[in-house]
Amino acid sequence: MSEPQVGYGTSFTYEPFSRAGDLVFVAGQIPKIDRDTVLRPGRCGAEHDLASARDSAQLAARQAIHWIETAMTGNETLDKVLRLSVYVAVSGEFTEMSEVADAASQTFIDRFGRGGAHPRSVLGVLLLPRNAPVLIEATARVRNKA
């Protein structure tokens, strides 16, 4: 399978991000490989093991990062990821939601360094849109480059 692309278009019925001053709010991102296709649909602990759930979290995180970077002007940089919320679709036996979220958190840190470190919430849920295994919301603060 080829590497999934992120930022695959902006013709949504919602805004993928909004901006208020120096704050960027990213809508929930699911791991899609194109506008309509989820990378691996299903729930963690049923259709997914921990490794594939972590892969899905990384892709959703890369999509959130794409929208943060899209929100920035050419003279701006990320100051801080202020909050990350990670929703994990789980079967009743799956208890490794934090390990799934760790993959998303690490993706932000790998991209932004210390500015990518963040507080986060992790929630296990029964179902997510399009039967996605993971959904990620992010809030970030940007600043002018020094």
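That block above? That's the structure.
Throughout what follows, the structure given in this document is the object of discussion. (Residues numbered from 1 in each chain as written. Predicted model: local features only at pLDDT ≥ 70, side-chain atom pairs only at ≥ 80, totals over all residues. Heavy atoms only, no water.)

### A look at the overall build of the protein chain
Alright, step 1. Along the backbone of the protein chain there are 2 helices and 5 strands.
Alright, step 2. The C-alpha radius of gyration of the protein chain comes to 15 Å, within 12% of the 15 Å expected for a compact globule of 146 residues.
Alright, step 3. Its C-alpha atoms put the protein chain at 50 × 30 × 25 Å along the principal axes.
Alright, step 4. With 146 residues in all, the protein chain has 42% of them scored as buried. (Helix = DSSP H or I, 4+ residues; strand = E, 2+ residues; numbered from the N terminus. Rg over C-alpha atoms; globule rule 2.2 N^0.38 Å. Buried < 20%, exposed > 50% of the residue type's maximum accessible area, 1.4 Å probe, protein only.)

### Some words on the sheet that holds strand 2 (residues 23-29)
Alright, step 1. Spatial strand order, 1-2-5-3-4: 5 strands in an open sheet with mixed pairing. Of all the strands in the sheet, the pair left with one neighbour each is strand 1 (17-20) and strand 4 (120-125). Taking each pair of neighbouring strands and ignoring which way they run, the sheet shows an average axis angle of 15°.
Alright, step 2. Across 6 bridges, the pairing between strand 3 (residues 76-89) and strand 4 is parallel. Within strand 4, the position partnered with Tyr 87 by the bridge is Leu 123.
Alright, step 3. On top of the sheet, helix 1 (residues 50-71) reaches strand 1, strand 2, strand 3 and strand 5 (134-144); it is set at about 145° to strand 2, its chief contact.
Alright, step 4. Along the sheet, helix 2 (residues 97-112) makes contact with strand 3, strand 4 and strand 5, crossing strand 3 at roughly 165°. (Pairing = 2+ DSSP bridges. Axes fitted to C-alpha atoms, helices over the stretch in contact; angles between N-to-C directions. Contact = heavy atoms within 4.5 Å.)

### Looking at the environment of His 118
Alright, step 1. Among the structural elements, His 118 can be located in the loop between helix 2 and strand 4.
Alright, step 2. What makes His 118 buried here is its relative accessible area of 17%.
Alright, step 3. Each C-alpha atom of the pair His 118 and Arg 83 lies 5.6 Å from the other, and the pair is 35 residues apart in sequence.
Alright, step 4. Residues within four places of His 118 in sequence aside, it is in contact with Lys 80, Val 81, Arg 83, Leu 84, Ser 105 and Phe 108.
Alright, step 5. Of note is the side chain of His 118, whose polar atom sits 2.9 Å from the side chain of Ser 105.
Alright, step 6. A polar atom in the side chain of His 118 sits 2.6 Å from the backbone oxygen of Gly 116. (Polar contact = N/O pair within 3.5 Å; in protein donor to acceptor, adjacent residues only side chain to side chain.)

### Section: the pairing of strand 3
Alright, step 1. In terms of strand pairing, strand 3 meets strand 5 through 11 bridges, oriented antiparallel. Bridging from a neighbouring strand, Leu 84 pairs with Ala 138 of strand 5.

### Here we look at helix 2
Alright, step 1. End to end, helix 2 covers 23 Å across 16 residues, agreeing with the expected 22 Å (1.5 Å per residue, within 8%).
Alright, step 2. The elements touched by buried residues of helix 2 are helix 1, strand 3, strand 4 and strand 5. (Expected span 1.5 Å × (residues − 1).)

### Regarding the nonpolar core
Alright, step 1. Counting 31 residues, the largest nonpolar core has Ile 68, Phe 108 and Ile 136 as the members making the most contacts within it.
Alright, step 2. Those elements that provide at least two residues to this core are strand 2, helix 1, strand 3, helix 2 and strand 5.
Alright, step 3. In contact with Ile 68, not counting residues within four places along its chain, are Val 24, Val 26, Leu 78, Phe 108, Ala 138 and Ala 140.
Alright, step 4. Within the second largest apolar cluster, 6 residues are counted, among which are Ile 30, Ala 89, Leu 128 and Ala 132. (Core = buried A, V, L, I, M, F, W, Y, C linked by side-chain atoms within 4.5 Å.)

### Re helix 1
Alright, step 1. If you check helix 1, its first and last C-alpha atoms are 32 Å apart, about what 22 residues at 1.5 Å a residue would give, namely 32 Å.
Alright, step 2. The N-cap residue of helix 1 is Asp 49: its side-chain oxygen and the backbone nitrogen of Ala 51 are 3.3 Å apart.

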